[in-house]
Amino acid sequence: GPKVLQIPSHQIIDMGQMVTLNCDPVSNHLYFYWYKQILGQQMEFLVNFYNGKVMEKSKLFKDQFSVERPDGSYFTLKIQPTALEDSAVYFCASAKDWGDEQYFGPGTRLTVL
Amino acid sequence: GDSVTQTEGQVTVSESKSLIINCTYSATSIAYPNLFWYVRYPGEGLQLLLKVITAGQKGSSRGFEATYNKETTSFHLQKASVQESDSAVYYCALSPLSGSFNKLTFGAGTRLAVCP
């Protein structure tokens, strides 16, 4: 089936630094999502994005988080500055239309030291 | 808010034996949410395994099945005879929007290990 790719698969970073997580969505998809899963806990919705804009975000989407998809390239999640509690696996997903099945990437494991 | 609780941690089953992974839900925003089972194989993204959007109905895929029980607010995943290739992490999820995959709430996941 359609594949979503995430780069890198692992990222280790010092607290306070900036990190960018990259997502390569399915080519004809228009809606993009980020989810966060802390070890041992459930995966939780962070944000969704369409037509260059954040449509919805959860309380987990802190002010230090931002998303963009410049010129139809990667859909990115940027955290600046990072905090210890940002350590988690971040999953990207994309969907063709609003409410459609979301296709998920394999995740990026972020470790903040 | 909405929540999903499923069998915790890891389940180990011998090949060809039966499997059940429990899932119960609580939906505060809608009486009958859409219910889903997702699976994540090693190194891959989450994949939709099956979905049921109507209370009382059963969904099935790849030998797995789950019945939407509104009385017990449960959506247990079952398979009569597991194979080694079923080893993966399984997630129960719900969406409060009729017919939609949006606003997904996930359980914590259950790792299935199938032994030869």
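One can find the structure itself at the top, above this paragraph.
Residues numbered from 1 in each chain as written. Chains lettered and ligands numbered in written order. Predicted model: local features only at pLDDT ≥ 70, side-chain atom pairs only at ≥ 80, totals over all residues. Heavy atoms only, no water.

### Concerning the overall build of chain B
Assigned secondary structure in chain B consists of 0 helices and 12 strands. Element order for chain B, N to C, with α for helix and β for strand: β-β-β-β-β-β-β-β-β-β-β-β. A compact globule built from 116 residues should have a C-alpha radius of gyration of about 13 Å, and chain B, at 14 Å, falls within 12% of that. Taking the principal axes of its C-alpha atoms as reference, chain B extends roughly 45 × 25 × 20 Å. For chain B, the proportion of its 116 residues judged to be buried stands at 46%. Within chain B, residue pairs in contact and separated by at least 24 positions form 56% of the contacts whose partners lie at least 6 positions apart. Summed over all atoms, the accessible surface of chain B reaches about 5,300 Å², with 46% contributed by carbon and sulfur. (Helix = DSSP H or I, 4+ residues; strand = E, 2+ residues; numbered from the N terminus. Rg over C-alpha atoms; globule rule 2.2 N^0.38 Å. Buried < 20%, exposed > 50% of the residue type's maximum accessible area, 1.4 Å probe, protein only. Contact = heavy atoms within 4.5 Å. Areas by Shrake-Rupley, 256 points an atom, 1.4 Å probe, with all protein chains shown as cover.)

### Points about the overall build of chain A
The secondary structure content of chain A amounts to 0 helices and 11 strands. Shown N-terminal to C-terminal, the secondary structure of chain A runs as helices and strands in the order β-β-β-β-β-β-β-β-β-β-β. In terms of its C-alpha atoms, chain A occupies a principal-axis envelope of roughly 35 × 25 × 25 Å. Out of the 113 residues in chain A, the part that is buried amounts to 44%. A fraction of 55% describes how many contacts in chain A between residues 6 or more apart in sequence connect residues 24 or more apart. Accessible surface, chain A as shown: approximately 5,800 Å² in total, 50% of it carbon and sulfur. For chain A, the distance from the average site of its 10 positive side-chain charges to the average site of its 12 negative ones is 1 Å. (Lys, Arg positive; Asp, Glu negative; His and termini not counted. Charge placed at Lys NZ, Arg CZ, Asp CG, Glu CD.)

### Quick notes on the interface of chain B and chain A
Quite often, the size of an interface is put as the accessible area lost when its parts meet. In this complex, chain B contributes 18 residues to the contact, which on the side of chain A involves 18 residues. In total, chain B and chain A occlude about 1,400 Å² of area from one another, counting both sides; carbon and sulfur atoms represent 52% of this. Across the chain B-chain A interface, the total number found is 1 salt bridge. Salt-bridge contacts for lysine 103 of chain B lead to glutamate 56 of chain A; the nearest nitrogen and oxygen are separated by 2.4 Å. One can count 2 residue pairs in polar contact (both at pLDDT 80 or more) joining chain B with chain A. (Buried area = accessible area lost by both parts, 1.4 Å probe. Salt bridge = Lys/Arg side-chain N within 4 Å of Asp/Glu carboxyl O. Polar contact = N/O pair within 3.5 Å; in protein donor to acceptor, adjacent residues only side chain to side chain.)

### Quick word on the packing of aromatic side chains
Working definition: an aromatic ring pair is given by the centre-to-centre distance plus the angle between the planes. Applying the stated criterion across every chain yields a total of 17 aromatic pairs over all chains. Taken together, a centroid distance of 6.1 Å and an interplanar angle of 45° make the contact between phenylalanine 36 of chain B and tyrosine 38 of chain B tilted. The same class applies to phenylalanine 36 of chain B and to tyrosine 38 of chain B, which are both buried. One aromatic cluster in this structure is built from Tyr35, Phe45 and Phe104 of chain A together with Phe36, Tyr38, Tyr91 and Phe106 of chain B. (Phe/Tyr/Trp six-rings, centres within 6.5 Å; stacked < 30°, edge-to-face > 60°.)

### Notes on the pairing of strand 4 (residues 31-37) of chain A
Two faces, one strand: in a regular strand the side chains alternate between the faces of the sheet. Residues and elements named next belong to chain A. In terms of burial, strand 4 is largely enclosed, as 7 of its 7 residues are buried. Burial along strand 4 is two-sided: the face carrying Tyr31, Tyr33, Tyr35 and Gln37 and the face carrying Phe32, Trp34 and Lys36 are both buried. With 7 bridges connecting them, strand 4 and strand 5 (residues 43-50) associate as antiparallel partners. Within strand 5, the position partnered with glutamine 37 by the bridge is methionine 43. Between the antiparallel neighbours strand 4 and strand 5 lie 5 residues, among them glycine 40 with a positive phi of about 85°. Taken together, the 7 bridges between strand 4 and strand 9 (residues 88-95) define a ladder with antiparallel strand orientation. Looking at strand 9, one finds that tyrosine 31 is bridged to alanine 95. (Pairing = 2+ DSSP bridges.)

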